[in-house]
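Each chain is listed here by its residues.
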Amino acid sequence: MPENTILFRARLVQKHGQQESLTFTTAPQVSWTLHKLYPFLLILDGFLNNLMWCCEDVCLPFIYLVLMILAVNLSTTPNWQVGFLATVINTWFGLMSLALLVLSSLYFIVSVLRELRQDEPPTLDDIVVTMENVNYKLDKIRQDVAALFGLQRRNISALILVSTPIHWAVTSYVYSAHRYIQCWVIGLFVFHSSWCQTTMRLIWRSVYARQLWFLVCGRQGFAPYSASSAIGEGRQYKIIKEAVSIPVSRDVARLPDSQLGVQLRLHIKNSGVDESIDPNLKSSESTESAVTVMITGYEIDENQRKWPLDGWTHNLLPYERTKFTLTAGPCWQEWVSPWEFQESLEKSWFWLDDGWTPHEWKYCDANWVGVGSDDSLACYTRSKCWTRRAFRILKKVN
Amino acid sequence: MAEKAGSRGRRNSILGGLMARKYENRPPPSSEAKKVSNRDLLQGVASSFLEAAYQRFRISKETDVITIDDDYEQFIQTSASESSDGFWKDENFRQEYEQESSATAGSSTPDANEKAGIYEKSKKTARQEHFIDILLDKMISTILPEDFPEREQFTLRVNDPVRKKRQTLSATIFAHNLKVLTTKLGILFELQDCVIRLISWRNPSGTVTMLILLTMICFNPIYLAIIPLLYILYGLIVPAYIHRHPPHRTFFLPRHTYGKSLIVSLASGGKKTSWHPSDDIKEYDYNPGLDQDDIQRAHHIKQSMEFVVNLRDLQNSMSAMVSLSRSMEKFIFGTAGFKDEHRSTALFLAGLGTLLLLWLISPLINWSIVSSVGLWSLMVTIHPKIRSKLARAVKREQMEKGKEVLIRAERYDILLDEPPDVRFIELFEIYKRGLMPKDWTFLKYSSNVFDPQDPFRKAQTPPPGVDTLEEVQPPLTWSFDNNSKWEIDFDAAKWSRDRNLFHDVDSEFLVDDQFKRRRLVRKVLRYAGPARKPSYK
């Protein structure tokens, strides 16, 4: 069969650009409004192009940046002691750059309006495409910022509130105000360029850079268990049954705790936890006494990371989950291995299961967000849950 | 002759037309050439080939097999005849030239005859360029196919008015230039040797002088302009004056020199190979006692020897260029091209770190001192004696250990855990209508929709595809996501509308009179696109 020898490769889904024309399906009021909006969209698009350094002539944003820096120089308080000439030159350059900046933006706006008037009016599709373009760029800008700060909308005001005194302190004591503004202007203007974004992504590949980042911002998802809401109020286990009353004979109930635990374990294992034992019914029988126990489950996660040459190993990064953790959602807490932990169980606790039950590996991306149960290119970490149930005698009723 | 010129003119116009049609997409200048049909063109090319071949044959009958010496001599003759502008004539001795020229004009000596013969010969050989040029043109036009992908760019380059003004590509001009350059490249190779001697400490006093000069430049960069001026004044102009007006300060050369310089014996890195400044200034010999012919012959032998040596040096430096370009290519497309992502990332981060560090500390550093100390220490460490000692000090094992640490750092300190590119691939599961209206038999999984406009359907052949989903491969460079399965696209109305297909929709199927199909979609992943490659690979 010749078809079998040649591999059949499926095609990627292409974006079908051919959409139906919007002209006849859109209400005239909407079209009119969009038409009025078009110049603003174009101007905004030009501004965004400069901000993202994605215009045809890349030298222009650079020149604007230099002009801005020169204009910021105007904010220096004239210092006549430095030199009259230097101050005059500085001021002159600043004023000229400011004027050039303002004029060039005005010129751009005027030229857009003029060319629009001279050209034939845009079709609705043109307008929509421009709008999508602007929307896409704005979304990219939002993503860039969000990737760095992980900002939600409500955090922005808090950030402004917190950073204001910092700015004030820096401008008063560390840097002169105009130098500080200059740094910010450069930073903000360059930040959205693809070079800056790529540089940051490459820096992010370095372990040391990540360590530094998490040193400043706190470890990823790390939460001491007292603070972690999901794991619970200082507990390292999940409660399966809050209180189960188990009928036992008097003789058994009188046994010391260690022997009672063994008996109870057999009993619970035989009868099953899920089998609901009605405490009222059982305790009404006078011949037997009852013991109330709490049944819990311990879940310890074993974590691994995929390394390009070594495959899956326990070699984890300093800022992320450790080899064994107690995990609840994104929060985790460093823990010992299950076998080490089983030795250190308190006296009043008894293991219900004979051993630890391993579950399937759960494959996750670089940030421990689950992807699926199979290894693929998108998976960089995986974790396996070891579970074992235990119980504790709460009270004995004779 | 007139006939020849005419045929040549025609050939040129045909060729011009051919070239214009081939690369330039502009109408040929003459209306005559415009009418040239393909057949005429072919005939023209063929006839010009025949003619060129005939001429070549006639000339080769006249000339013997050309040796390098002959070739060189011929070149000397042509260049002598070309440079008849009297540049090399000395105005202080005008009377002698005048005598000489009158003598050659008056008497037809056999020597002069011979010279004239050679000149004639060279003029004839100049005609053989037609053949080579035609061959070259022919080659270019065959190399360049009609659907040349970068044809537009090429046309732009050909049409560039600045380039057009320059000479066209010609094998003879190229060869001529090569010849001229080869005779004159001696100085360049001498310079190259001189630099090697300086760097390898075979001329220690020279090296120290160079270091001192460089230190001066480091402390005051204006010396960068002053030193070349100094060289022009005292290295070129003053020696030329001394040559013409000897100050008569020459002393008798001693037969043997006694004593050694401390600097030279301390710092010598090897035997200073005999170095005489090349005898490129031809002395005008006014000594009537010697046989003029002998001097001339000796001079010629020496020149042709130098020509061969220079040619060899040129070839060697071209080989060096080739290997240099190869290693540059390896760096650009390999180390810096993210072929090995670990290594390229490490390189980038190291570079960025250095950049930031330099930026931060540069105002605090006295760069004059740093660079001059750096230069001196560099030169001292590459001194042959010290280098061997250093190599012994730095053990091989230590080097290997360092390399291992580097590899380990690349392995564990650089994380390649960016989310991969996600795209979707699509397939159409096609069913064929049976005899009954509700009877459908599975036909194929295919990338084609197989609608009535489909070329395969028009040809009444099944579309390219496979019978089971397991046989489907992801596109090149992509791989399937193991955590996703083929999914049915239930919005048949949308995907058919996107493709401008307007048929009946039956739940997830798009149904026409003979076939129905549904769309399957699956996620594919790719960590990175293929690395960049040079255009010629």
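Residues numbered from 1 in each chain as written. Chains lettered and ligands numbered in written order. Predicted model: local features only at pLDDT ≥ 70, side-chain atom pairs only at ≥ 80, totals over all residues. Heavy atoms only, no water.

*Asks:* Mind showing me how you'd approach the overall build of chain B here?
*Replies:* Each helix and strand in chain B was counted, giving 21 helices and nine strands. Sorting the 537 residues of chain B into buried and exposed places 26% on the buried side. Accessible area of chain B: about 38,400 Å², with a carbon and sulfur share of 61%. (Helix = DSSP H or I, 4+ residues; strand = E, 2+ residues; numbered from the N terminus. Buried < 20%, exposed > 50% of the residue type's maximum accessible area, 1.4 Å probe, protein only. Areas by Shrake-Rupley, 256 points an atom, 1.4 Å probe, with all protein chains shown as cover.)

*Asks:* In this structure, what is going on with the UniProt feature "transmembrane region" (unreviewed entry) in chain B? I would like to understand it.
*Replies:* Residue and element names in this part refer to chain B. Taken from the UniProt record, the annotation "transmembrane region" (unreviewed entry) applies to residues 222–242 and 345–361. The span residues 222–242 shows a helical share of 95% and a strand share of 0%, and its end C-alpha atoms are spaced 29 Å apart. From the first C-alpha to the last, residues 345–361 spans 24 Å; its make-up is 100% helix and 0% strand. (UniProt positions renumbered as here; feature names shortened; annotations may be inferred.)

*Asks:* Can you walk me through unusual backbone geometry in this structure?
*Replies:* If you check the backbone angles, W368 of chain A has positive phi at about 60 degrees while not being a glycine. With respect to the helices and strands, W368 of chain A occurs in the loop between β9 (357–364) and β10 (370–372). Residue classification places W368 of chain A among the buried residues on the basis of a relative accessible area of 9%. Its identity is not glycine, yet S507 of chain B carries a phi of approximately 45 degrees, on the positive side. With respect to the helices and strands, S507 of chain B occurs in the loop between β7 (504–506) and β8 (509–511).

*Asks:* Help me understand the pattern of salt bridges in this model?
*Replies:* Opposite charge on two side chains makes pairing possible when the charged atoms of those side chains draw close. Residue and element names in this part refer to chain B. Under the defined criterion, the tally for this structure stands at 23 salt bridges over all chains. Across the pair D513 and R457 runs a salt bridge whose closest N-O atoms are separated by 3.2 Å. One end of the pair, D513, is in the loop between β8 and β9 (515–526); the other, R457, is in helix α20 (residues 455–458), and 56 residues separate them in sequence. Taking the relative accessible area as the measure of exposure, D513 reaches 55% and is therefore exposed. Classification of R457 by relative accessible area gives buried; the value is 11%. (Salt bridge = Lys/Arg side-chain N within 4 Å of Asp/Glu carboxyl O.)

*Asks:* Could you clarify how one ought to interpret the domain arrangement of chain A in this entry?
*Replies:* Where interface size is given, it is often the accessible area lost as the parts come together that is meant. Domain annotation of chain A identifies domain 1 (28–149), domain 2 (153–217) and domain 3 (238–397). Its C-alpha centre places domain 2 of chain A at a distance of 44 Å from the equivalent point of domain 3 of chain A. (Domains from an automatic or database assignment.)

*Asks:* For this particular structure, what's the right way to read the UniProt feature "transmembrane region" (unreviewed entry) in chain A?
*Replies:* The UniProt entry lists residues 62–80 and 92–113 of chain A under the feature "transmembrane region" (unreviewed entry), expressed in the numbering used here. For residues 92–113 of chain A, helix accounts for 100% and strand for 0%, while the C-alpha atoms at its two ends are 31 Å apart.

*Asks:* What's the story with the interface of chain A and chain B in this structure? I'm lost.
*Replies:* Listed as interface residues are 41 residues of chain A and, on the opposing side, 49 residues of chain B. Each partner contributes to the roughly 4,000 Å² buried at the junction of chain A and chain B, and carbon and sulfur atoms together form 55% of this total. Contact with chain B buries surface across chain A, with F8, L12 and R205 of chain A losing the most and accounting together for 21% of the total. Put simply, chain A and chain B have four salt bridges between them. (Contact = heavy atoms within 4.5 Å. Buried area = accessible area lost by both parts, 1.4 Å probe.)

*Asks:* Is there a simple way to explain the pairing of strand β2 (residues 440–446) of chain B in this structure?
*Replies:* Side-chain direction in a regular strand flips from residue to residue, so the side chains alternate between the two faces of the sheet. All names here are of chain B. Inspection of the sheet shows strand β1 (residues 421–433) paired to β2 by six bridges, in the antiparallel sense. Of the residues in β2, the one forming a bridge with F428 is S446. As consecutive antiparallel partners, β1 and β2 are separated by six residues. For β2 and strand β3 (residues 465–466), the ladder comprises two bridges, and the chain directions are antiparallel. Note that in β3 the partner of Y445 across the bridge is V466. (Pairing = 2+ DSSP bridges.)

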